[in-house]
Amino acid sequence: MSEQQKFDVIVIGAGPAGYVAAIRAAQLGLKTACVDAFVGKDGKQALGGTCLNVGCIPSKALLDSSRQFWNIAHNFPVHGISVENPKIDVAAFIARKDKIVKQFTGGIGQLFKANKIMPFFGKGKLLKGNSVEITGHDGDKQTISATNVILASGSVPIELPFAKFDGKTIIDNAGALDIGAVPKRLGVIGAGVIGLELGSVWRRLGSEVTILEALPDFLSVADADIAKIAAKEFAKQGLDIKTGAKLTKAEVKGEEVHLTYEDKDGAHDLVVDKLLVAVGRRAYTDGLLAEDTGVKLDERGRIVVDEHNHTGVDGVWAIGDAVRGPMLAHKGSEEGVAVAEWIAGKAGHVNLDTVPYVIYTEPEISWVGKTEKQLKDEGVPYKVGTFPFAAIGRAVAMNEAVGQVKMLAHAETDRILGVHMVGPGVSELIAECVVAMEFKGSSEDLARIVHAHPTLSEAVHEAALSVDKRAIHKGN
Ligand code: FAD
Ligand code: AMP
């Protein structure tokens, strides 16, 4: 038997958590391997996990293309531009997305080469004693070992037992990023981030989109004022969002899906041509752990870790969607960096309280920190400052003067506790607030910082001023 290859670090999973952990570990001089099982559309290994292959990047590519198309009819005329009979070539629309995905997944391969990270293609299983058994897609097995193993196996879509994915009519996120022709009627189950983003894509291309959401409140994870503004804008775009509507049955009949959902008025029927089930994601640990590793899973199937992402088993760490905390790429990446640094004896740092959230709809939604409801529930005294984009010159010039910035600061110390936005470019504007919160800044700090004019960032500045009732361009 050939001698087992030995590494300082083996990472299982090459998503944004795992590949970043591998790169940082290699930068720190650790001999690193990364095992990944993802197979791309072309049947070949594709690094980058959910995010690069069927998540963040492809969804943003389609959101951008569909936005351009939507603007021709809905925004151009205001600017005095008319285009007759615009058409969308869906094959080209999808091919552009595929090209971007390939560029980025290929890029990770190059980064691995540059950092001398050894990639392994196949399914990794942690064995007791920090060995990893890799089963290739041809069934071949090999075992490698390391001083440290980082589990970064990510997440997969949750399937409803009565609406199982068939990849054609009842689809998940990957399916919704690859529809070959604009469906006349698209049903979406779940008005979460993925349902709203992918529902928007196909609505903009002309689908009649109905989104069923079981919870009574729309986007209850966001601040209620922000969710209310967003709901109004989505309704104007023709997204039919039904809250308090729980899907109970889905039957594929020929080319259609016949749905039954229940709300406070009883049971209703709905017929659609495609059904996107986007009811959340679950940590993916299938086949990841041999029985005797000692690594524990919680009641939601997530790998149990402490505040340093350590599993409690010597040399075994876990990061990203597979562990507690928000299922976001940047959260996983930061954990990846921190774990590599902890392994190398350095001081890693991840602050889950300042992870920014972004929904890339139109208008965009973003936030960091606590919502007003959370502060109320926790009995924290707070002040509120708001500022509408309608009073921001740049937003009006762009014909995108919708939404607002809302800032929450402690009533006594003025420390910023949360910032919530809906409007143009708020995916970028939130970064300033994350920095301010990470530095334990106050609303006065942001109010005293010079913001360029005319920019969208003036809305953040004015919201900070408004906390102290001294916004300049609105009544306080
Ligand atoms: P993953 O990206 O899921 O990667 C895990 C990898 O591990 C996969 O390649 C998997 O095949 C592999 N793997 C699993 N088990 C094994 C094993 N045993 N052996 C070998 N390999 C294994 N987040 C954002 O921050 N911004 C966004 O805009 C955003 N948009 C999204 C849009 C969509 C449609 C979806 C579905 C998700 C989106 N997300 C977004 C979430 C984001 O994709 C995830 O939070 C992120 O990918 C999690 O990273 P990860 O590395 O933990 O896991
Ligand atoms: P997220 O976790 O952000 O992706 O959002 C998923 C959403 O799907 C949540 O808001 C759930 O309330 C919703 N959901 C889950 N099951 C159902 C169901 N059977 N019918 C309608 N909505 C559902």
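Colleague: Would you explain the packing of aromatic side chains in this entry?
Modeller: The geometry of an aromatic ring pair comes down to the distance between the two centres and the angle between the two planes. Per the counting criterion, the structure on display carries 4 aromatic pairs. Judged by centre distance (6.1 Å) and plane angle (90°), the rings of Phe7 and Phe120 are edge-to-face. Here Phe120 lies in strand β3 (residues 118-121) and Phe7 lies in strand β1 (residues 5-12), a separation of 113 residues in the sequence. Looking at Phe120, the relative accessible area reads 6%, which means it is buried.

Colleague: Explanation requested: the pattern of salt bridges in the structure shown.
Modeller: For side chains of opposite charge, pairing can occur when their charged atoms come near one another. With the rule as written, the count across this model stands at 30 salt bridges. Arg24 is the partner of Glu341 in a salt bridge, and the nearest nitrogen-oxygen pair spans 2.7 Å. Note that Glu341 is positioned in helix α8 (residues 329-343) and Arg24 in helix α1 (residues 18-27), a separation of 317 residues in sequence. Residues Arg185 and Asp273 are paired through a salt bridge, measuring 2.6 Å at the closest nitrogen-oxygen approach. With Arg185 in strand β9 (residues 185-189) and Asp273 in the loop between β14 (266-272) and β15 (274-277), this pair connects stretches of sequence that are 88 residues apart. Overall, the relative accessible area of 22% leaves Arg185 in the partly exposed class. For Asp273, a relative accessible area of 19% gives the class buried. Ionic contacts of the salt-bridge type, sharing partners, join the residues Lys41, Lys97, Asp98 and Asp178 into one network.

Colleague: Please clarify how unusual backbone geometry should be interpreted in this entry.
Modeller: The general pattern is negative phi for most residues beyond glycine and trans for most peptide bonds. Backbone torsion omega between Glu362 and Pro363 reads -5°, so that peptide bond is classified as cis. By the secondary structure assignment, Pro363 is in the loop between β18 (357-359) and β19 (364-369). Its identity is not glycine, yet Asn85 carries a phi of approximately 50°, on the positive side. Mapping Asn85 onto the fold places it in the loop between α3 (56-74) and α4 (90-114). Accessibility expressed as a relative area gives 57% for Asn85, which makes it exposed. A positive phi angle is found at Leu219, which is not glycine, with a value near 50°. With respect to the secondary-structure elements, Leu219 resides in the loop between β10 (208-213) and α7 (224-236).

Colleague: Got a minute to help me understand the site of ligand 1 in this structure?
Modeller: Around ligand 1 sit 38 residues, and of these Asp36, Thr50, Lys60, Gly124 and Asp321 come closest. Between Pro16 and ligand 1, the recorded distance is 3.3 Å, taken from a backbone N or O atom to an oxygen atom. A distance of 2.9 Å separates an oxygen atom of ligand 1 from a polar side-chain atom of Asp321. Bound to the protein, ligand 1 loses 94% of the 990 Å² it would expose on its own.

Analysis parameters
- Residues numbered from 1 in each chain as written.
- Chains lettered and ligands numbered in written order.
- Predicted model: local features only at pLDDT ≥ 70, side-chain atom pairs only at ≥ 80, totals over all residues.
- Heavy atoms only, no water.
- Phe/Tyr/Trp six-rings, centres within 6.5 Å; stacked < 30°, edge-to-face > 60°.
- Helix = DSSP H or I, 4+ residues; strand = E, 2+ residues; numbered from the N terminus.
- Buried < 20%, exposed > 50% of the residue type's maximum accessible area, 1.4 Å probe, protein only.
- Salt bridge = Lys/Arg side-chain N within 4 Å of Asp/Glu carboxyl O.
- Near = heavy atom within 4 Å.
- Polar contact = N/O pair within 3.5 Å; in protein donor to acceptor, adjacent residues only side chain to side chain.
- Areas by Shrake-Rupley, 256 points an atom, 1.4 Å probe, with all protein chains shown as cover.

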